[in-house]
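# Residue-level structural notes
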Amino acid sequence: MTNQNDNDIVFCSPLRTPVGRYGGIFRDIPVEDLATTVVDAIVERTGITAKDVDDIILGQASPNGAAPALGRIVALNSTLGKEVPGMQLDRRCGSGLQAVMTAAAHVAMGAADLIIAGGAESMSRTEYTVDGSIRWGVKGGDMQLRDRLAEARETAGGKNHPIPGGMIETAENVRREYKLTREAQDQMAAASHERALKAQAENWFEEEIVPVTIPAKKRGQEPTVVTADEGPREGSTPEKLASLRSIRGKQDEEATVTAGNASSQNDGAAAMIVTTRAKAAELGLTPMLSLKGWAVAGVAPETMGV
């Protein structure tokens, strides 16, 4: 590799859990446990210690009150322990990537030498809430439970960009603007499942996946060890996908987004080491990539998917 510099920002040892379906195999596993599993695996495989890690930065789009400052909770729960600080940040779907970029900025500025960064999410365990006034007492009327997953999607446009249909509405807006057909979406979805299943069969993900152990629910049962992504579905052909109803069909007779061609809801965690080339060499780490730069940009919330 040419033009290498000791101060290059490099990424080492990227690992992840399998990805679980919404309400699937990881439904009862707290997000901090998923993230801790990955961090412990990074520590074990690389031989780094708590004195080598300046921070843990994790992105999470649906943080919960039971695990505030997720990176810090993971540090405390992991083999690293109390001496390693941690934080969480939220840039919605880009939260994990932003965590890595934020870590890179800290390292580039000399504020840190090595940070573990990534993202974690348990959409299955995202909380339901009630109005904050319950804290001060309710004199009458009903208290409504609100799904924070759905609420956040509807309010993500702020006051000036209402999106009552959430992400599905934004997808339909992009479909309308770019004249994307239902057939094209179903074909792409089917191809995605086919490629993922092929990759699983050929063990393409074996080196990056950290197995997750699910405790037995009944006495006498053995724990379940999860080693593969749960999302890819056998038999997801364009013909089968074409039989699914559109989610917003009642609001728009031309709607095309279905449960089969929409992005899935998932549970999982991923992380990597962000450091300099010199520090990686000092610790015996093998860089997989070097970072040359990054940027962020804003788009209209109504067409977020663009």
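The structure under discussion appears in the preceding block.
The text that follows walks through the structure, step by step, so that each part is easy to find. (Residues numbered from 1 in each chain as written. Predicted model: local features only at pLDDT ≥ 70, side-chain atom pairs only at ≥ 80, totals over all residues. Heavy atoms only, no water.)

### A word on helix H5 (residues 166-178)
Compared with the 18 Å implied by 1.5 Å per residue over 13 residues, the 19 Å span of H5 between its first and last C-alpha is a close match. Among all positions of H5, only Gly166, Glu169, Thr170, Glu172, Asn173, Val174 and Arg175 are buried. Once H5 ends, the next one or two residues include Lys179, with phi positive near 55°. (Helix = DSSP H or I, 4+ residues; strand = E, 2+ residues; numbered from the N terminus. Expected span 1.5 Å × (residues − 1). Buried < 20%, exposed > 50% of the residue type's maximum accessible area, 1.4 Å probe, protein only.)

### Points about the environment of Ala103
Structurally, Ala103 is set in helix H3 (residues 95-108). C-alpha of Ala103 to C-alpha of Ser236: the two residues are 133 residues apart in sequence and 38 Å apart in space. Once you skip the residues sitting within four places of it in the chain, Ala103 turns out to touch Ile57, Ile115, Ala117 and Val274. (Contact = heavy atoms within 4.5 Å.)

### Details of the side chain of Ser236
Within the secondary structure, Ser236 is located in the loop between strand S9 (224-226) and helix H7 (238-241). Its relative accessible area of 13% is what places Ser236 among the buried residues. Here Arg233 takes part through its backbone oxygen, which lies 3.2 Å from a polar atom of the side chain of Ser236. If we skip the residues at most four places from it in the chain, Ser236 touches Ala190, His193 and Leu241. (Polar contact = N/O pair within 3.5 Å; in protein donor to acceptor, adjacent residues only side chain to side chain.)

### A word on the pattern of salt bridges
Proximity of charged atoms lets side chains of opposite charge pair with each other. Evaluation of the coordinates by the stated rule reveals 15 salt bridges. Note that Arg175 is salt-bridged to Asp252, the shortest N-O span being 3.0 Å. A residue pair is termed long-range when its members are at least 10 positions apart, and Arg175 in helix H5 and Asp252 in the loop between H7 and strand S10 (266-276) qualify at 77 residues. The two residues Arg175 and Asp252 agree in class, both being buried. (Salt bridge = Lys/Arg side-chain N within 4 Å of Asp/Glu carboxyl O.)

### Thoughts on unusual backbone geometry
Phi at Ala69 is positive, roughly 50°, even though this residue is not glycine. Looking at the secondary structure, you find Ala69 in the loop between strand S3 (55-59) and helix H2 (70-77). Classification of Ala69 as partly exposed rests on a relative accessible area of 33%. Positioned with a positive phi, Lys179 is a non-glycine residue whose angle comes to about 55°. Exposure remark for Lys179: the relative accessible area of 71% places this residue in the exposed category.

### Points about the environment of Asp113
Inspection of the secondary structure puts Asp113 in the loop between H3 and strand S5 (114-122). For the pair formed by Asp113 and Gly47, sequence separation is 66 residues and the distance between their alpha carbons is 16 Å. Residue contacts for Asp113: discarding those within four places in its chain leaves Asp54, Val107, Val274, Thr275, Thr276 and Lys279.

### Side note on the nonpolar core
Core analysis: the largest hydrophobic core is formed by 36 residues, its most contacted members being Ile42, Ile48, Val53, Ile56, Leu80, Ile116 and Ile273. When residues of this core are traced back to their parent elements, those giving at least two are strand S1 (9-16), helix H1 (31-46), S3, H2, S5, strand S8 (212-214) and S10. Top element by residues in this core is H1. It accounts for eight residues. With near-sequence residues (within four places) excluded, Ile48 lies in contact with Ile42, Val43, Val53, Leu114, Ile116, Ile273, Leu283 and Leu285. Listed in part, the 16 residues of the second largest apolar core include Ala104, Ala112, Ile115 and Met272. (Core = buried A, V, L, I, M, F, W, Y, C linked by side-chain atoms within 4.5 Å.)

### Overview of the packing of H1 against H2
Closest axis-to-axis distance for the H1/H2 pair is 9 Å, and the angle between their directions is 60°. By the angle class used here, H1 and H2 are oblique. Between H1 and H2 the crossing geometry is right-handed. Counting all contacts with H1, which are made through Val31, Glu32, Ala35, Thr36 and Val39, the residues of H2 involved are Leu70, Ile73, Val74 and Asn77. Considering only residue class, the contact of H1 with H2 consists of six nonpolar, two polar and one charged. (Axes fitted to C-alpha atoms, helices over the stretch in contact; angles between N-to-C directions. Parallel < 35°, antiparallel > 145°, perpendicular 65-115°, else oblique. Left-handed = near helix turned anticlockwise from the far one by under 90°. Nonpolar A, V, L, I, M, F, W, Y, C, P; charged D, E, K, R; others polar.)

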